[in-house]
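# Examination of the molecular architecture
Here is how the chains run, residue by residue.
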Amino acid sequence: MPIKRSLSGVLGAMTLALASVLATGPAQAAPSAAAPWTSPAPARTELLPPGAGVHCAPGNFCASVWDPSANRFRVFYFYHCTRYYLSNWNGWGEAKNSQTGGATATLYGSGGNVIRTYPADGNVYAVDWSPVYSLRNC
């Protein structure tokens, strides 16, 4: 008799496990990578399709980075003069400094070291955002 109880218990457990798997449906893909963001938040952001380029209004330092959560480039418009800390900025994008008064934008690495500066010349620059941890737009 103990063998029947063990066998029925095993069958019952297997039935419950199978019902649980069927109730949850097929396995879900891993969630996509997190969207890039900054602290503090910039004046505004927008999503652009690949190849659209950065259009940066006077007074802004603009930066684009790939947003895997939206499958588009996200452009950040930095207007207020401060240090911005970057999260989830990976890969290549663009930077354009359209600030007035000759304000230079500076990118910093993990140890606070200067990686690159951008003059307020209105040119568009290719940027590898992966080593950049923060920026100061002025």
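About the cut-offs
- Residues numbered from 1 in each chain as written.
- Predicted model: local features only at pLDDT ≥ 70, side-chain atom pairs only at ≥ 80, totals over all residues.
- Heavy atoms only, no water.
- Pairing = 2+ DSSP bridges.
- Helix = DSSP H or I, 4+ residues; strand = E, 2+ residues; numbered from the N terminus.
- Axes fitted to C-alpha atoms, helices over the stretch in contact; angles between N-to-C directions.
- Buried < 20%, exposed > 50% of the residue type's maximum accessible area, 1.4 Å probe, protein only.
- Contact = heavy atoms within 4.5 Å.
- Core = buried A, V, L, I, M, F, W, Y, C linked by side-chain atoms within 4.5 Å.
- pLDDT = per-residue confidence, 0-100.

## Let's talk about the sheet that holds strand β6 (residues 92-97)
Ordered by their spatial adjacency, 5 strands build an open sheet running β2-β4-β3-β6-β9, and the pairing between neighbours is antiparallel. The open sheet has two edge strands, β2 (44-48) and β9 (124-128), and neither has a second partner. When the angles between neighbouring strand axes are averaged without regard to direction, this sheet yields 25 degrees. Of the strand pairs in this sheet, strand β3 (residues 61-67) and strand β4 (residues 72-78) are connected by 7 bridges, and their pairing is antiparallel.

## Details of unusual backbone geometry
Following Ser39, the chain continues into Pro40 via a peptide bond in cis, with omega recorded as -5 degrees. For Pro40, the location among the structural elements is in the loop between β1 (37-39) and β2. A positive phi angle is found at Asn71, which is not glycine, with a value near 60 degrees. The topology assignment puts Asn71 in the loop between β3 and β4. One non-glycine residue, Asn88, adopts positive backbone phi at about 65 degrees. If you trace the backbone, Asn88 turns up in the loop between β5 (83-87) and β6. Residue Asn88 is classed as partly exposed on the basis of its relative accessible area of 33%.

## Quick word on the side chain of Arg74
Among the structural elements, Arg74 can be located in strand β4. In this structure Arg74 touches Pro36, Thr45, Glu46, Leu47, Ala63, Ser64, Val65 and Asp67, once residues within four positions along its chain are discounted.

## With respect to the nonpolar core
Judged by nonpolar contacts, the single largest core of 17 residues is most densely connected at Phe61, Phe78, Trp89, Leu107, Tyr118, Trp129 and Leu135. Within the residue set of this core, elements represented by two or more residues are β3, β4, β5, β7 (105-108) and β9. If one sorts the elements of this core by residue count, β3 sits on top with 3 residues. Residues within four places of Leu135 in sequence aside, it is in contact with Phe61, Phe78, Thr82, Arg83, Tyr84, Leu86, Thr106, Leu107, Tyr108 and Trp129. By size, the runner-up hydrophobic cluster in this structure holds 6 residues, among which are Leu48, Cys62, Val75 and Tyr77.

## Brief notes about the side chain of Lys96
Along the polypeptide, Lys96 turns up in strand β6. Once you skip the residues sitting within four places of it in the chain, Lys96 turns out to touch Val54, Cys56, Asn60, Phe61, Cys62, Gly122, Asn123 and Val124.

## Observations concerning the confidence of the model for the protein
Per-residue pLDDT for the protein has a mean of 83; in total, 77% of the residues score no lower than 70. Low pLDDT, under 50, characterises residues 1-30; the predicted model gives this stretch 0 contacts beyond four residues in sequence or across chains.

## Observations concerning the environment of Asn123
Mapped onto the elements, Asn123 comes out in the loop between β8 (114-118) and β9. Note on Asn123: relative accessible area 40%, which makes it partly exposed. Counting along the chain gives 26 residues from Asn123 to Asn97, while the straight-line C-alpha distance between them is 7.0 Å. Leave out the neighbours within four places in its chain, and Asn123 touches Ala95, Lys96 and Asn97.

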